[in-house]
There are 2 protein chains.
Amino acid sequence: MIENVKIQKIENRTVKRIEPFIMQAESLKPKLIKDVATPQHFVEVVADSDAMHGWKAISNRSVVETTSLNYGKGDQFILDFGTHQVGYLQMDIRPIGSPPDAPLHLKLTFGEMPVEMAEPFKSYDGWISSSWLQEENIYVDVLPGRIELPRRYSFRYIKFEVVDTSLKYRVAFDNIECHTVTSGNKALVKPLSHSDPILNQIDKVSIKTLQDCMQDVFEDGPKRDRRLWLGDLRLQALVNYETFENNDLVKRCLYLFAGVPNNKGEVAANLFIRPSLVPDDTYLFDYSLLFVTTLYDYYFKVKDHETLVELWPTAYQQIEIALDRLDDRNILKDSDDWWSFIDWHEKLNKQGPSQAVLIYTIKRAIKLAEILNSDKLSFLEKRLQDIVEATFQHLWKKDKGFFVSGSENQISWATQIWMVLAEVLDQKENNQLMHRLLLEQPVIGLTTPYMYHYLVEALILVDEKEKAVNQLKAYWGEMLKDGADTFWELYDPNNKDYSPYGSQLINSYCHAWSCTPTYLIRHYNL
Amino acid sequence: MIENVKIQKIENRTVKRIEPFIMQAESLKPKLIKDVATPQHFVEVVADSDAMHGWKAISNRSVVETTSLNYGKGDQFILDFGTHQVGYLQMDIRPIGSPPDAPLHLKLTFGEMPVEMAEPFKSYDGWISSSWLQEENIYVDVLPGRIELPRRYSFRYIKFEVVDTSLKYRVAFDNIECHTVTSGNKALVKPLSHSDPILNQIDKVSIKTLQDCMQDVFEDGPKRDRRLWLGDLRLQALVNYETFENNDLVKRCLYLFAGVPNNKGEVAANLFIRPSLVPDDTYLFDYSLLFVTTLYDYYFKVKDHETLVELWPTAYQQIEIALDRLDDRNILKDSDDWWSFIDWHEKLNKQGPSQAVLIYTIKRAIKLAEILNSDKLSFLEKRLQDIVEATFQHLWKKDKGFFVSGSENQISWATQIWMVLAEVLDQKENNQLMHRLLLEQPVIGLTTPYMYHYLVEALILVDEKEKAVNQLKAYWGEMLKDGADTFWELYDPNNKDYSPYGSQLINSYCHAWSCTPTYLIRHYNL
């Protein structure tokens, strides 16, 4: 998940703390699986106009040689760990020459991509915090010694810069290790032997992406944000069911969200876990509803009736809150000051897709209500009928063959995709809508992998698997060609240098909402 | 102690490890006394051409207000801890606003003097390592929280720069504390009530200087070098006897030096203690001899006969090695490639003062040999006589009334002072020599507090207490006026901006060899 530059800051709000839920979540906290990764090569990062961001890492020496090399003031080198890593750095540092008569000043720069090795972090001037740029200036007073950096990093490359030693000594590095952490056990993932090597590779990279985001919660990105977001959680959970099957982690995250609603009962868009559980003061219309969907997916995967019973009131509450936003016509009120995420697009009007998300959610809530024999069932069925009718009446433009959104009748990809997923039309019309969408290519397109996921899923839903695979390859396959070891937060195949943050340096190159191809490939047998 | 820019680097040397001595030293390791210091004021550092280095710290707000203030990206403030501190920084950091959605990037700069707050460390371009400049860039991933920085700092001022937070939160700081450490127990220091308030104040600052340098060894400077040097130890021990009386710390340091001589038996000029005891590859003619003098001072203070017996062979060895450097005339061979410290002065010829140090040392060794009934006694007496005679014959220039040094017959302050201390002349001639020195002011003068100490002591020795006090006030009293909370490594009252390192930023402003006024005042009843 990424935040808009227009950010929500709520000064006064009341957070409820539902202690049994919080305790349940705590009891499900996973024990992280640890492993050790070592650098594979020395690399040089060189300008290359054909490479992603204009930079390419070229292996120039094997790392067997590290121990025989030593470095003095001003020297630097870059290590390549071969693929993306999330973990803690350790190394031995050995002085060469006289006993070290001054501290070692070492600068370390961690990068998921070559651009982070090549362009100085000082050049970053974007609107999100520069504190996400992964670098450390460390002073080592006692040598030789083993250095264990306390922070967790997300990287493939590390640049070592020996800022200063003294005239009397140089330094050598031994046993450089990344102690990786994850709550996704790779041994549990069934191998995929797809006849299409590209899909095979996309599957692998998707799994690695999810694995690196699986920590003591499902994080959105291990480099940046590092938080549990509802929209990302929903997708991660789906991929998890096809791979690591750490279903308790999904359960934990559901209880975490349910543990700290606001005074209206709304779940937050994301949570902070440390030092103590705190909901962010960001609330998003669609994300809150995705709590229901995530519970629905979880129930039908795990058949955990007890959890469904406990969390149903929270889920139902999200629908009630959403229904409050409907106007007399049963259409969501649009305004400049409401928050629904849908996709990262400045011009995207959120009314239409949000209306679809509401329908999509109520349909799933009805299934849950049936299982629970809930007295809300008939109410939900009635409201669904009203809302679907209103949607047809007010948002469906038969002449154009598209659903519209907002006072200016915006026709966007996002609205069509969510309307298809919500199955407002019948199967045949749904199929035609997707055809029309791909043919006419409305201007207000998709930007995030999050929304691309729903595009592919909508194509699958309308029985256009081939088109789905084509879209999947055109997006994630292109990322692969551009050097993805894990899939990225943001990617526009037509504008590869784009960053909404004002710099590629701050983008996250391992981002949960980009890991769904594995789910799409495996769940739908693509 | 400071090193010459011409540094010793010995590639191949053999270090002996005398384990019983090392174990004895280990058993004497002090338990550090801990205390908590808190900031007293906010200060601004402003340009002031009358102030030391051109910078003055002006108090602008009391620190009671810290907790009510908060800071965002780009904000900074400077705290004044009231006086010099050596210890570990801790603080609580509290987010203000939304939950912190990005790490805090905080830059901390520690300074003993206002100049370190005012001039950017990046401007430093001297020849000793920039790694001594005390700064940290820390990234705090979890807030609120207590931050405990692992490194020890030496400072009065700390500059806080909030490099970045995020658009959603600011930070406040509570309970900022320096957890100070020393092995000097202030409660044991007898109060001095001198009728002269300047001497009273000089005494206080001297004691603080020594205290802040007393750690698990006598360090030379807690900010820079942080090492046990023999020349500094000798002076620190003298001051210690008049103040903290941590005599076991002196004993420990003697055993440390004796524990790791080279294959000739020579003790190193300084030692590294962590991670394990290692002698530096710097050996200095005068410093090695000061091992004898330090043992002599220790014995006559503590009457620890056992230690004298154990360390006498090491002490005697230093004299034997020094005697090897005499030529046929019994004058020390001079050359461009020998190492004797004496004073920090590029043009100072070391032959004359080193010859005097040798005489000074042999006289003390004779006293120790007498106590031990050593069979070396007659040999030492004979050699002393020969050397004194040779010194008269070859280095004393009756026509000039000065001792000379080197092939160019250099007349320096250092040679005269050490010849006086060595009592080569009789008491009356000694007095006349000091008069002549002060009157004629030879060009090759003094530079370090280390050498100033010996100047004052030489004046006391020739019964010129008033002149001694005048010199003491002109040097250390002037440092006081220039704002010393602890006495400095380097000070030239006539050229206050001087630094042999190319920058005042890297100077040490709490330096052991500058702490001797307390000894001079108290021991000699000035």
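In this text the structure is predicted, and so the values were computed from the model without any measurement.

K.L.:
Describe the overall build of chain A, with residues and values.
P.N.:
Scanning chain A from N- to C-terminus turns up 14 helices and 14 strands. Whereas a compact globule of 526 residues would reach a radius of gyration of roughly 24 Å, chain A reaches 25 Å, a difference of no more than 12%. Taking all 526 residues of chain A together, the buried fraction comes to 64%. Considering only residue pairs separated by 6 or more positions, chain A has 77% of its internal contacts joining residues 24 or more positions apart. Summed over its atoms, the accessible surface of chain A is roughly 19,900 Å², and 47% of this surface lies on carbon and sulfur atoms. Averaged over its 58 positive side-chain charges, chain A has a centre that lies 1 Å from the centre of its 74 negative ones.

K.L.:
Describe in detail the pattern of salt bridges, supporting the description with residues and values.
P.N.:
As enumerated under the stated definition, the model contains 67 salt bridges over all chains in all. The partner of Asp212 of chain A in a salt bridge is Lys208 of chain A, and the shortest N-O contact between them spans 3.4 Å. Of this pair, Asp212 of chain A and Lys208 of chain A both sit in helix H3 (residues 197–213), separated by 4 residues, roughly a single helical turn. One exposure class covers both Asp212 of chain A and Lys208 of chain A, and it is buried. Close ionic contact of Glu245 of chain B with Lys301 of chain B constitutes a salt bridge, the shortest N to O distance being 3.9 Å. Pair noted here: Glu245 of chain B is in the loop between helix H4 (230–242) and helix H5 (247–259) and Lys301 of chain B is in helix H6 (residues 285–302), with a separation of 56 residues, a long-range link. Several salt bridges share partner residues, and in doing so they unite Glu136, Arg151 and Arg226 of chain A together with Asp141 of chain B into one network.

K.L.:
Let's hear about the packing of helix H7 (residues 305–323) of chain B against helix H8 (residues 351–372) of chain B: which residues, and what values?
P.N.:
All names here are of chain B. H8 packs onto H7 with a crossing angle of 145 degrees between their chain directions and a minimal axis gap of 10 Å. Both H7 and H8 take part in a crossing whose hand is left-handed. Of the residues in H8, those in contact with His305, Leu308, Val309, Trp312, Ile319, Ala322 and Leu323 of H7 are Leu358, Thr361, Ile362, Ala365, Leu368, Ala369, Ile371 and Leu372.

K.L.:
Give a detailed account of the packing of aromatic side chains, specifying residues and quantitative values.
P.N.:
In the structure shown here, the tally under the stated rule is 64 aromatic pairs over all chains. Between the aromatic rings of Tyr299 of chain B and Phe300 of chain B, the centroid separation amounts to 5.2 Å while the plane-to-plane angle is 85 degrees, which identifies the pairing as edge-to-face. A residue is classified by how much of its surface remains accessible, and Tyr299 of chain B, at 8% relative accessible area, is buried. With relative accessibility at 34%, the residue Phe300 of chain B sits in the partly exposed group. Centroid distance Tyr475 of chain B to Tyr491 of chain B: 5.6 Å. Interplanar angle 70 degrees. Geometry classified as edge-to-face. Here Tyr475 of chain B, found in helix H13 (residues 465–481), pairs with Tyr491 of chain B, found in the loop between H13 and helix H14 (517–523); they are 16 residues apart in sequence, far enough to count as distant. A relative accessible area of 3% means that Tyr491 of chain B is categorised as buried. Within the aromatic cluster, the residues linked to one another by ring pairs are Trp229, Tyr287, Phe341, Tyr360, Trp418, Tyr450, Tyr454 and Trp513 of chain A. Over the ring of Tyr296 of chain B we find Arg364 of chain B, and its NZ or CZ is 5.5 Å from the ring centre. Positioned above the aromatic ring of Tyr360 of chain B, the side-chain terminus of Arg364 of chain B is 3.6 Å from the ring centre.

K.L.:
Could you give an account of the environment of Asp50 of chain A, with specific residues and numbers?
P.N.:
Within the element layout of this structure, Asp50 of chain A appears in the loop between strand E2 (41–47) and strand E3 (55–62). Expressed as a C-alpha distance, the spacing of Asp50 of chain A and Asp482 of chain A, which sit 432 residues apart in the sequence, is 9.4 Å.

K.L.:
An account of the state of the cysteines is requested, with residue identities and associated values reported.
P.N.:
On inspection of all chains with the given rule, the structure shows 0 disulfides over all chains. Cys510 of chain A provides the cysteine sulfur closest to Cys178 of chain A, a residue in no disulfide bond, and the two sulfurs are 12 Å apart. Residue classification places Cys178 of chain A among the buried residues on the basis of a relative accessible area of 0%. As a non-bridged cysteine, Cys515 of chain B has Cys213 of chain B as the owner of its nearest cysteine sulfur, 6.7 Å distant. You can call Cys515 of chain B buried: its relative accessible area is 0%.

K.L.:
Give me the lowdown on the sheet that holds strand E11 (residues 270–272) of chain A, citing residues and values where you can.
P.N.:
Residues and elements named next belong to chain A. Strand order in the open sheet formed by 3 strands is E10-E11-E12, with antiparallel pairing between adjacent strands. Two strands lie at the open edges of the sheet, namely strand E10 (228–229) and strand E12 (278–279), each paired on one side alone. Looking at chain direction, E11 and E12 are connected through 2 bridges and run antiparallel. By the bridge assignment, Leu271 is partnered in E12 with Pro279.

K.L.:
Can you explain the sheet that holds strand E11 (residues 270–272) of chain B? Please cite residues and give values.
P.N.:
Residues and elements named next belong to chain B. Overall, antiparallel pairing links the 3 strands, which are arranged E10-E11-E12 in an open sheet. Two strands close off the open sheet at either side, each with one partner strand: strand E10 (228–229) and strand E12 (278–279). When E10 meets E11, the two strands line up antiparallel, connected through 2 bridges. For Trp229, the partnering residue across the bridge sits in E11 and is Asn270.

K.L.:
Now, about the relation of the copies chain B and chain A: what can you tell me, with residues and values included?
P.N.:
Least-squares fitting of chain B to chain A yields an RMSD of 0.0 Å, with the transformation described by 0.0 Å of translation along the axis and a rotation of 180 degrees. Taken together, these values place the two copies in the relation of a two-fold axis. Closest to the rotation axis within chain B is the C-alpha of Asn137 of chain B, separated from it by 3.2 Å.

K.L.:
I'd like a description of the interface of chain B and chain A, backed by residues and values.
P.N.:
Taken together, the contacts link 44 residues of chain B with 44 residues of chain A. Counting the surface lost from both chain B and chain A, the interface buries some 3,500 Å², and carbon and sulfur atoms represent 52% of this. Where chain B packs against chain A, one counts 8 salt bridges. Residue Asp280 of chain B is joined to Lys168 of chain A by a salt bridge in which the shortest nitrogen-to-oxygen separation is 3.4 Å. At the junction of chain B and chain A, the tally comes to 22 residue pairs in polar contact (both at pLDDT 80 or more). The biggest single contributor to the side of chain B that touches chain A is strand E6 (residues 135–140) of chain B, with 4 residues. The residue inventory of the side of chain B that touches chain A, partitioned by class, reads 19 nonpolar, 10 polar and 15 charged.

K.L.:
Describe unusual backbone geometry, naming the residues involved and giving the relevant values.
P.N.:
Between Arg274 of chain A and the following residue, Pro275 of chain A, the backbone shows a cis peptide bond with an omega angle of 0 degrees. Within the element layout of this structure, Pro275 of chain A appears in the loop between E11 and E12. Each neighbour pair has its own omega, and for Leu143 of chain B with Pro144 of chain B the value is -5 degrees, a cis peptide bond. In this structure, Pro144 of chain B sits in the loop between E6 and strand E7 (145–148). Positioned with a positive phi, Asn525 of chain A is a non-glycine residue whose angle comes to about 50 degrees. With a relative accessible area of 61%, Asn525 of chain A lands in the exposed category. Here the phi dihedral of Asp463 of chain B falls at roughly 65 degrees; this positive angle occurs in a residue that is not glycine. Within the secondary structure layout, Asp463 of chain B lies in the loop between helix H12 (449–461) and H13. Asp463 of chain B gets classed as exposed once you look at its relative accessible area, which sits at 61%.

K.L.:
Help me get a handle on the confidence of the model for chain A, residues and values and all.
P.N.:
Confidence in the prediction for chain A averages 96 pLDDT; 98% of positions are at 70 or higher. For this predicted complex, the interface score ipTM comes out at 0.96, alongside a pTM of 0.96.

K.L.:
Go over the packing of H4 of chain B against H6 of chain B with me, naming the residues and quoting the values.
P.N.:
To describe two helices that pack against each other, one gives the angle between their axes and the distance between the axes. Residue and element names in this part refer to chain B. Relative orientation of the contacting elements H4 and H6 amounts to 15 degrees, with a least axis distance of 8 Å. Taken together, H4 and H6 sit at an angle that is classed as roughly parallel. Considering how the two elements wind past one another, H4 and H6 form a crossing that is left-handed. On the side of H4, the interface is formed by Leu230, Gly231, Asp232, Leu233, Arg234, Leu238 and Tyr241, while H6 contributes Tyr287, Ser288, Leu290, Phe291, Thr293, Thr294, Asp297, Tyr298 and Lys301.

K.L.:
Can you tell me about the side chain of Gln90 of chain B, naming the residues and giving the values?
P.N.:
All names here are of chain B. With respect to the helices and strands, the residue Gln90 is situated in strand E4 (residues 76–97). A residue is classified by how much of its surface remains accessible, and Gln90, at 14% relative accessible area, is buried. Reaching out from Gln90, the side chain makes a polar contact with the side chain of Arg146 at a distance of 3.1 Å. Within polar-contact distance, the side chain of Gln90 engages the side chain of His179 at 3.4 Å. Beyond its immediate chain neighbours, meaning those up to four positions away, Gln90 contacts Arg146, Ile147, Glu148, Asn175, Ile176, Glu177 and His179.

What counts and how
Residues numbered from 1 in each chain as written. Chains lettered and ligands numbered in written order. Predicted model: local features only at pLDDT ≥ 70, side-chain atom pairs only at ≥ 80, totals over all residues. Heavy atoms only, no water. Helix = DSSP H or I, 4+ residues; strand = E, 2+ residues; numbered from the N terminus. Rg over C-alpha atoms; globule rule 2.2 N^0.38 Å. Buried < 20%, exposed > 50% of the residue type's maximum accessible area, 1.4 Å probe, protein only. Contact = heavy atoms within 4.5 Å. Areas by Shrake-Rupley, 256 points an atom, 1.4 Å probe, with all protein chains shown as cover. Lys, Arg positive; Asp, Glu negative; His and termini not counted. Charge placed at Lys NZ, Arg CZ, Asp CG, Glu CD. Salt bridge = Lys/Arg side-chain N within 4 Å of Asp/Glu carboxyl O. Axes fitted to C-alpha atoms, helices over the stretch in contact; angles between N-to-C directions. Left-handed = near helix turned anticlockwise from the far one by under 90°. Phe/Tyr/Trp six-rings, centres within 6.5 Å; stacked < 30°, edge-to-face > 60°. Lys NZ or Arg CZ within 6 Å of the ring centre and 35° of its normal. Disulfide = S-S within 2.5 Å. Pairing = 2+ DSSP bridges. Least-squares fit on C-alpha atoms with pLDDT ≥ 70 in both. Buried area = accessible area lost by both parts, 1.4 Å probe. Polar contact = N/O pair within 3.5 Å; in protein donor to acceptor, adjacent residues only side chain to side chain. Nonpolar A, V, L, I, M, F, W, Y, C, P; charged D, E, K, R; others polar. pLDDT = per-residue confidence, 0-100. Parallel < 35°, antiparallel > 145°, perpendicular 65-115°, else oblique.

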